[in-house]
Amino acid sequence: MCSMTTDDPHPAAVASTSTRIADRVAALMARMSLEEKIGQMVLAQPGEGPPADTLGGPVRDGRVGAIVNVVERDAVSELQRIAVAESRLGIPLLVGRDVIHGFRTILPIPLGQAASWNPELVRAAAAVAAQEAAEVGINWTFAPMLDIARDPRWGRIAESPGEDVFLANRLAAAMVQGFQGESLAEPGSIAACVKHFAGYGAVESGRDYATTNIPENELHNVYLPPFKAAIDQGAASLMTSFSDLDGIPATAHAGLLREVLRAQWSFDGFVVSDWHSIPQLSVHGLTADDREAAVAAANAGVDMEMASDTYARHLAEAVESGVVAPETVDAAVARILAIKFRLGLFDSPPDKVGVAAQAASDHALEVAEKAARQSVVLLQNRDGALPLKPSELSSLAVIGPLADAAYEQLGTWIFDGDPERSISVLAGIRARVGQHLDLLHEPALATSRSRETGGFDEAVAAARRADAVVLCLGEESILSGEAHSRADIDLPGAQVELVRRIRGCGKPVVAVILAGRPLTLANIVDEVDAILYAWHPGSMGGPAIADLLFGVESPSGKLPVTFPRTVGQIPLYYNARNTGKPPRPETVVNIDEIPVRAPQTSLGMSAFHLDVDHTPLFAFGHGLSYTRFEYSDLRLSAARLPLADALIVSVRLRNAGPCSAEEVVQLYVRDPVASITRPVRELKGFQRLRLAPGQAERVEFQLHADDLSFYGRQQRRVVEPGRFQVWIGGSSNAELGGEFEWVEN
Ligand code: BGC
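Residues numbered from 1 in each chain as written. Predicted model: local features only at pLDDT ≥ 70, side-chain atom pairs only at ≥ 80, totals over all residues. Heavy atoms only, no water.

Draft legend 1. Structural context of the overall build of the protein chain. For the protein chain, the helix and strand inventory stands at 20 helices and 26 strands. Buried positions account for 61% of the 745 residues belonging to the protein chain. When the 66 basic and 93 acidic side-chain charges of the protein chain are each reduced to a single mean position, those positions are 4 Å apart. (Helix = DSSP H or I, 4+ residues; strand = E, 2+ residues; numbered from the N terminus. Buried < 20%, exposed > 50% of the residue type's maximum accessible area, 1.4 Å probe, protein only. Lys, Arg positive; Asp, Glu negative; His and termini not counted. Charge placed at Lys NZ, Arg CZ, Asp CG, Glu CD.)

Written as structure tokens, this is what we have:
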């Protein structure tokens, strides 16, 4: 079936060693023409009609080495057949797709998965996605997205791991493990592509594709580490960002791609551009035309071009005229081919798996449900409004545009998701309590954006008749994701008005919010008793939310991102630096307290806005439970220790409430005096554990000096001895703390 197997009697047995792969790559490359090499650097999409009609020819001619957005199993197989059996060298194709949070079965959006603070579950979620995608012959996903995001206006925050580096690092490794499995050659493993390198999450004012302004230090301390974590885990490929970093678009950024990625991190996978991001170098104003753009990208270290054709049209001439070295092309092709060998594409039929699974496996649905359950964050719960007790209710009103919106709860990037597999909140509630409770359902608004309030009267009537109300609000799928940034992140449409009308009915109101980003909720928090923040929870959102509403399980998600009160506070993140004038309750002044014609003063002389509380509405790490967790007796293994020794920090955690539940215990540190100013707190550890009522456990963390290292003034990582503060608790506001000192060995 493939050209290489004839030379090698036991290819599968030996292909796993990198030396063997290097030899096979070299042998293959020795037979390739320049045009065939450049073909491997081309990632092409199909045109109109059956994919083989538009891609078959270029694949047969060796002008295309990878394809994107072909998802029909038969079409993938046919193109692989052409590549292997009909092209001169029989090189199989990489088959890429955005498998972001599931394929047919949709898991919570990545930001929701991050709220689970459960790397093992996130790994399992990626593995489910990989398995389902591999079943149609996809062998490469454009995930995980590892852009740290501190601006909820940015639509792509939905795809991000949130605002924190430590959490993102852990999840980055977990996602790569999940997609790639133990070995890329295993059935069900697909190659990961970490993106978008680098800094895309910092686009100004959250406007997608906008400029970023990231100081060198911040780039290294905040934006780059998750990529390093993914690469250390063996990520097969990396995608450049659309954005511009300090005047150099990321797709032509040799400093990032050659110095950081290759020289410092020894990345041996390949680099792909983003969609048309090479010709866009000319739109940015870096190059004059497509030829210059191709040269700039290739020389910067972009190994493969996505969707556009500047490499196909210009690279051969650029090599012949000497502006791109032949070694640059050779290195790119060698890296791409090495991943094809590692995927086992040369050693077995390249579309690997036998029969495409039509039905969701029980395992996929179980993982999706567990991920949805653990990603939901209980933001507020006044007077124990939740869990709802069916024994105390005879009727429940389920109101709102997202109550019965199986598709809208799936979120962004769900091209291949099966909406039939998705169970809405209403359906989940019905399945759980429909036999015992009278359920009154009113959408009230046709969509989350609707301003047409004609349905409010029926909704109010239902709320009046019911004993309690579940209000399903938020944003439909299409309001977040790529190119879907918002300047105003309040609940859209007439939803705030709906909340007020329902509040007027005097019944307990529980808001379930489904959204792709943190929304600003200040205008509804006082109007509802409880808030369950469900993100876009995916296919199994309904059953998961029903379990939480009725206390079958306690909520245990924690915020991976700060919730501002109003957009004017953005960017607002917990691990900011202190400034010389940090706000404290006694230094802030409210706009209403300023006397008319007061003389100019510096007021409280601290960093706050006059017209909004300086704190977030909900802090990073926040998330309530139906039980009460008590933290006590924080212990440090030493008050003073040499840098070479590890510190053990531990705390006693007790479930002092009524039900069994999971808690995410969080460890924060501060380096109060350093050679550059450091954040007021930084997450440095977390553990999720379950305790039964009355049960207590000592939770232990190990800290090494290296964990507190940072990228310093000399533009390299440093470990600085000195005094540190440490806190453990259930959110970034943890109060139980201690101090220790690390001294030179
Ligand atoms: C996005 C990438 C995505 C690619 C392919 C681009 O517009 O920025 O994240 O992987 O399209 O769909």
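Draft legend 2. Focus on helix α15 (residues 326-342). For α15, which comprises 17 residues, the first-to-last C-alpha distance of 24 Å matches the rise-based estimate of 24 Å (1.5 Å per residue) to within 8%. For α15, the set of buried residues is Thr-328, Val-329, Ala-332, Val-333, Arg-335, Ile-336, Leu-337, Ala-338, Ile-339, Lys-340 and Phe-341. (Expected span 1.5 Å × (residues − 1).)

Draft legend 3. Representation of the site of the ligand within the structure. Within the structure, the ligand sits among Asp-98, Phe-142, Arg-156, Lys-195, His-196, Met-239, Phe-242, Asp-274, Trp-275, Met-306, Trp-413 and Glu-482. Arg-156 is positioned with one of its side-chain polar atoms (N or O) 2.7 Å from an oxygen atom of the ligand. Here Asp-274 contributes a side-chain N or O atom positioned 2.6 Å from an oxygen atom of the ligand. Its free accessible area being 310 Å², the ligand has 93% of it covered by the protein chains. Of the residues that constitute the shell around the ligand, the class distribution is six nonpolar, one polar and five charged. (Near = heavy atom within 4 Å. Polar contact = N/O pair within 3.5 Å; in protein donor to acceptor, adjacent residues only side chain to side chain. Areas by Shrake-Rupley, 256 points an atom, 1.4 Å probe, with all protein chains shown as cover. Nonpolar A, V, L, I, M, F, W, Y, C, P; charged D, E, K, R; others polar.)

Draft legend 4. Summary view of the sheet that holds strand β17 (residues 629-636). Taken in spatial order, the three strands make up an open sheet running β17-β19-β22, and their pairing is antiparallel. Each having just a single partner strand, β17 and β22 (696-703) make up the two edges of the open sheet. For this sheet the average axis-to-axis angle between neighbouring strands, irrespective of direction, equals 25°. Note that strand β19 (residues 647-655) and β22 share eight bridges and pair antiparallel. By the bridge assignment for β22, Leu-653 is matched with Glu-697. (Pairing = 2+ DSSP bridges. Axes fitted to C-alpha atoms, helices over the stretch in contact; angles between N-to-C directions.)

Draft legend 5. Structural view of the domain arrangement of the protein chain. One can read the domain layout of the protein chain as domain 1 (1-31), domain 2 (362-549) and domain 3 (629-743). On a C-alpha basis, the centroid separation for the pair domain 1 and domain 2 is 54 Å. (Domains from an automatic or database assignment.)

Draft legend 6. Main features of the sheet that holds strand β21 (residues 682-691). The strand order β18-β26-β25-β20-β21 describes an open sheet built from five strands, whose pairing is mixed. Either end of the sheet is taken by a strand with one partner, and the two such strands are β18 (640-642) and β21. Across this sheet, the average inter-strand angle for adjacent strands is 25°, counted without regard to direction. Of the strand pairs in this sheet, strand β20 (residues 661-670) and strand β25 (residues 722-729) are connected by five bridges, and their pairing is antiparallel.

Draft legend 7. Main features of unusual backbone geometry. In this structure, Pro-144 follows Ala-143 across a cis peptide bond, with omega equal to 5°. Of note, the amide linkage connecting Ile-570 to Pro-571 takes the cis form, showing an omega dihedral of 0°. Inspection of the secondary structure assignment puts Pro-571 in the loop between α20 (541-549) and β17. Its identity is not glycine, yet Asn-69 carries a phi of approximately 70°, on the positive side. For Asn-69, the location among the structural elements is in the loop between β2 (66-68) and α5 (73-86). Taking relative accessible area as the criterion, Asn-69 reaches 26% and is therefore assigned partly exposed. Located in the positive-phi region is Ala-444, a residue other than glycine, with phi close to 65°. Structurally, Ala-444 can be placed in the loop between β13 (438-442) and α18 (456-465).

Draft legend 8. Up close: the packing of helix α9 (residues 216-223) against helix α10 (residues 225-232). Running from amino to carboxyl end, α9 crosses α10 at an angle of 45°, the nearest separation of the two axes being 6 Å. Put simply, α9 runs oblique to α10. Between α9 and α10, the residues in contact are Leu-219, His-220, Asn-221, Val-222 and Tyr-223 and Pro-225, Pro-226 and Phe-227, respectively. (Parallel < 35°, antiparallel > 145°, perpendicular 65-115°, else oblique. Contact = heavy atoms within 4.5 Å.)

Draft legend 9. How the structure looks around the nonpolar core. Trp-140, Phe-197 and Leu-238 are the most contacted members of the largest nonpolar core, which totals 126 residues. The greatest single-element share of this core, amounting to nine residues, is contributed by helix α8 (residues 165-180). In this structure, this core is formed jointly by two domains, domain 1 (1-31) and domain 3 (629-743), each of which donates at least three residues. Core analysis: the next-biggest nonpolar cluster, separate from the first, contains 54 residues, Ala-149, Ala-210, Val-509 and Trp-535 among them. (Core = buried A, V, L, I, M, F, W, Y, C linked by side-chain atoms within 4.5 Å.)

Draft legend 10. Spatial organisation of the packing of helix α7 (residues 119-134) against helix α16 (residues 362-375). Relative to each other, α7 and α16 sit at 145°, their axes nearing to 10 Å. For the pair α7 and α16, the sense of crossing is left-handed. On α16, the residues that touch Leu-121, Ala-124, Ala-125, Val-128 and Glu-132 of α7 are His-363, Ala-364, Val-367, Lys-370, Ala-371 and Gln-374. Among the residues making up the contact of α7 with α16, the classes are represented as seven nonpolar, two polar and two charged. (Left-handed = near helix turned anticlockwise from the far one by under 90°.)

Draft legend 11. Fine view of the side chain of Thr-328. Considering the arrangement of structural elements, one finds Thr-328 in helix α15. Given the relative accessible area of 19%, Thr-328 is considered buried. Those residues in contact with Thr-328 that sit more than four places away from it in its chain are Arg-258, Ala-298 and Asn-299.

Draft legend 12. Quick look at α10. Of all eight residues making up α10, six are buried, and the element is well covered by its neighbours. For α10, the set of buried residues is Pro-225, Pro-226, Phe-227, Ala-229, Ala-230 and Ile-231. Against the buried residues of α10 lie α8, β5 (193-197), α9, β6 (237-240) and α11 (254-264). Downstream of α10 by a residue or two, Gly-234 has a phi angle that is positive, lying close to 95°.

Draft legend 13. Expanded view of the confidence of the model for the protein chain. When pLDDT is averaged along the protein chain, the result is 95, and 96% of the positions lie at 70 or above. Contacts for the low-pLDDT stretch residues 1-15, under 50 throughout, to residues beyond four places or in other chains number 22 contacts. (pLDDT = per-residue confidence, 0-100.)

Draft legend 14. Looking closely at the side chain of Ser-650. The residue Ser-650 is located in strand β19 in this model. Polar contacts involving the side chain of Ser-650 include one to the side chain of Arg-698, which spans 2.7 Å. When neighbours within four sequence positions are excluded, Ser-650 is seen to be in contact with Asp-633, Leu-634, Arg-635, Arg-698, Val-699, Glu-700 and Ile-728.

Draft legend 15. Examining the pattern of salt bridges more closely. Counted by the stated rule, this structure contains 45 salt bridges. Salt-bridge contacts for Glu-317 lead to Arg-291; the nearest nitrogen and oxygen are separated by 2.6 Å. Placement of Glu-317 in helix α14 (residues 310-320) and of Arg-291 in helix α13 (residues 290-300) is noted, with a sequence separation of 26 residues between them. Note that Arg-584 and Glu-586 form a salt bridge whose closest N and O atoms lie 2.8 Å from each other. (Salt bridge = Lys/Arg side-chain N within 4 Å of Asp/Glu carboxyl O.)

Draft legend 16. Structural view of the packing of aromatic side chains. One pass over the full model with this rule turns up 21 aromatic pairs. With 6.0 Å between their ring centres and 85° between their planes, Phe-166 and Phe-686 make a pair best called edge-to-face. Residue Phe-166 is located in helix α8, and its partner Phe-686 is located in strand β21; the two are separated by 520 residues in the primary sequence. For Phe-166, a relative accessible area of 21% gives the class partly exposed. On the basis of an interplanar angle of 75° and a centroid distance of 4.9 Å, the ring pair of Tyr-533 and Trp-535 is categorised as edge-to-face. Each member of the pair, Tyr-533 as well as Trp-535, carries the same accessibility label: buried. The structure contains a cluster of three or more aromatic residues connected by ring pairs, namely Trp-117, Phe-166, Tyr-574, Phe-620, Tyr-668 and Phe-686. The ring of Phe-686 is capped by Arg-170, whose NZ or CZ atom sits 4.7 Å from the centre of that ring. (Phe/Tyr/Trp six-rings, centres within 6.5 Å; stacked < 30°, edge-to-face > 60°. Lys NZ or Arg CZ within 6 Å of the ring centre and 35° of its normal.)

Draft legend 17. Fine view of the pairing of strand β12 (residues 395-399). A large share of β12 lies buried, amounting to five of its five residues. A two-sided burial pattern is seen for β12, the buried positions comprising Ser-395, Ala-397 and Ile-399 on one face and Leu-396 and Val-398 on the other. Where β12 meets β13, five bridges bridge the pair, whose relative direction is parallel. Bridging from a neighbouring strand, Leu-396 pairs with Leu-439 of β13. Running through helix α17 (residues 425-433), the crossover from β12 to the neighbouring parallel element β13 is right-handed. In this structure, β12 lies alongside strand β14 (residues 468-474), joined through four bridges in parallel fashion. Residue Ile-399 lies in a different strand from β14, and its bridge partner there is Leu-471. (Right-handed = clockwise from strand over helix to strand, strands pointing away.)

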